[in-house]
Amino acid sequence: MLNTATSICLSAPAKLNVFLEVLGKRDDGFHELESVMLRTDLCDVLHFEATSDDQLTLRVANSDPTHVAADFPLDESNLILRAARALQQATASTLGAAITIDKRIPAEAGLAGGSSNAATTLLGLNQLWNLKLPKSELHRLAATLGSDVNFFVEDCRAAVCRGRGEQIEPIPMAGSLSFVVARPPVGNSTPDVFRRLGPAYEHRSFQPVSDVLASGRLQNLADVAYNRLTEPARSLNPGMAKLMQQMNERCSRPVFMSGSGSTCFLIAHTPREARRMLTPLVGLNTAFLAVVRI
Ligand SMILES: C[C@@](CO)(OP(=O)(O)O)[C@H](O)COP(=O)(O)OP(=O)(O)OC[C@H]1O[C@@H](n2ccc(N)nc2=O)[C@H](O)[C@@H]1O
Ligand SMILES: Nc1ncnc2c1ncn2[C@@H]1O[C@H](COP(=O)(O)OP(=O)(O)O)[C@@H](O)[C@H]1O
């Protein structure tokens, strides 16, 4: 039976990793992670319209096609359609949906746009199709779609993510932060970055980052933020390495990378400070440059 609402519109947020340590390689080929992820206000917007047949369709709404990543697939491999299919199969639902996306999050960026789209589809269609699946079941489906999907199903502001990324422990965060995010023209392939990880190294702890977030002493975040994948990604993507150097020179601040890249970011404390930091970066070779807030 259809829910009383026949359509629903939801934001699918991008994430930033302010900490990422790789604890080792697992037997299933994935890597064991410990990462602190933050939900940002940079969002795709998804509109779901229920249909009474079981068809699923996906359309991009952006009037300006430059907003849409060139490699955003519109076929069955799209994570939105994969999430909707997974939900249909898990519930034997005979309902369908016409889905429209306003795509703003760049792809292969370490911002998890695709994973967030998948999670938002699980949450949106669970509501629209009146399926009433519990969160635990949505988490089970999320983990089959990708390692980053569960963070968005949890719908928290900040979390420590463990396992291959799918085990989510929400953590407190006091206050708010702004970031300048910049993605170079070339994205990073996540498996390629993991393949370039060096041999043994001493593991860092996420605890200092989690303590800074909880205490609200956010001015200290730049002292403790860390990403083990930065060096492998830098060696894979010379354009990203160059952009990180230019951002550092022009803003005299440490530059960090989100996930497996290729988005680099600077930490600011207010939107105003972030906008001031962004100004000298305009004109650099970027595919995406913006201020985001947590
Ligand atoms: C690195 C991270 C950090 O947040 O972010 P992104 O850069 O993708 O945003 C994630 O762990 C990425 O998660 P996600 O993009 O969902 O990856 P998946 O689809 O599950 O896996 C893609 C591929 O990445 C590698 N992979 C991913 C996660 C993990 N814990 N170990 C891995 O080795 C594997 O080669 C895998 O086949
Ligand atoms: N809905 C989607 N949005 C973005 N990318 C998608 C989607 N579905 C599948 N993909 C594919 O997943 C890849 C990784 O996407 P994305 O999650 O945006 O990257 P990252 O995790 O590095 O930020 C893209 O290159 C794209 O081909």
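Rules used throughout
Residues numbered from 1 in each chain as written. Chains lettered and ligands numbered in written order. Predicted model: local features only at pLDDT ≥ 70, side-chain atom pairs only at ≥ 80, totals over all residues. Heavy atoms only, no water. Buried < 20%, exposed > 50% of the residue type's maximum accessible area, 1.4 Å probe, protein only. Helix = DSSP H or I, 4+ residues; strand = E, 2+ residues; numbered from the N terminus. Pairing = 2+ DSSP bridges. Axes fitted to C-alpha atoms, helices over the stretch in contact; angles between N-to-C directions. Left-handed = near helix turned anticlockwise from the far one by under 90°. Contact = heavy atoms within 4.5 Å. Nonpolar A, V, L, I, M, F, W, Y, C, P; charged D, E, K, R; others polar. UniProt positions renumbered as here; feature names shortened; annotations may be inferred.

Quick word on the pairing of strand β10 (residues 264-268)
Judged by how many residues are buried, β10 sits mostly within the fold: 5 of 5 residues are covered. Where burial is concerned, the two faces of β10 agree: the one with Cys264, Leu266 and Ala268 and the one with Phe265 and Ile267 are both buried. Bridge analysis of strand β7 (residues 178-183) against β10 gives 5 bridges, and the strand direction is antiparallel. Paired with Val180 across the bridge in β10 is Leu266. As judged from the 2 bridges shared by strand β9 (residues 256-257) and β10, these two strands associate in the antiparallel manner. Each residue of the ladder has a partner; that of Phe256, found in β10, is Phe265. Counted along the chain from β9 to the antiparallel partner β10, the turn is 6 residues long, and its residue Gly259 has a positive phi close to 55°.

Description of the packing of helix α2 (residues 113-128) against helix α3 (residues 135-145)
A packed helix pair is summarised by two numbers, namely the angle formed by the two axes and the spacing between the axes. With their axes 10 Å apart at the nearest point, α2 and α3 run at an angle of 150° to one another. Here α2 runs over α3; the crossing is right-handed. Touching Ala118, Leu122, Leu123 and Asn126 of α2 are Leu138, Leu141, Ala142 and Leu145, all from α3. Classifying every residue of the contact of α2 with α3 gives 7 nonpolar, 1 polar and no charged.

Looking at the UniProt feature "domain: GHMP kinase C-terminal" (unreviewed entry) in the chain
UniProt records the feature "domain: GHMP kinase C-terminal" (unreviewed entry) at residues 214-278, using the numbering of this structure. Along residues 214-278 the backbone is 54% helical and 14% strand, and the end-to-end C-alpha distance reaches 27 Å.

Examining unusual backbone geometry
Geometrically, the link from Gly261 to Ser262 is a cis peptide bond, its omega value of 10° lying close to zero. Structurally, Ser262 can be placed in the loop between β9 and β10. Residues other than glycine seldom take positive phi values, yet Ala112 does so here, at roughly 60°. Residue position: Ala112 is located in the loop between β4 (96-102) and α2. In this model, Ser252 sits at a positive phi of 50°, which is unusual for a non-glycine residue. Within the secondary structure layout, Ser252 lies in the loop between α9 (238-251) and β9.

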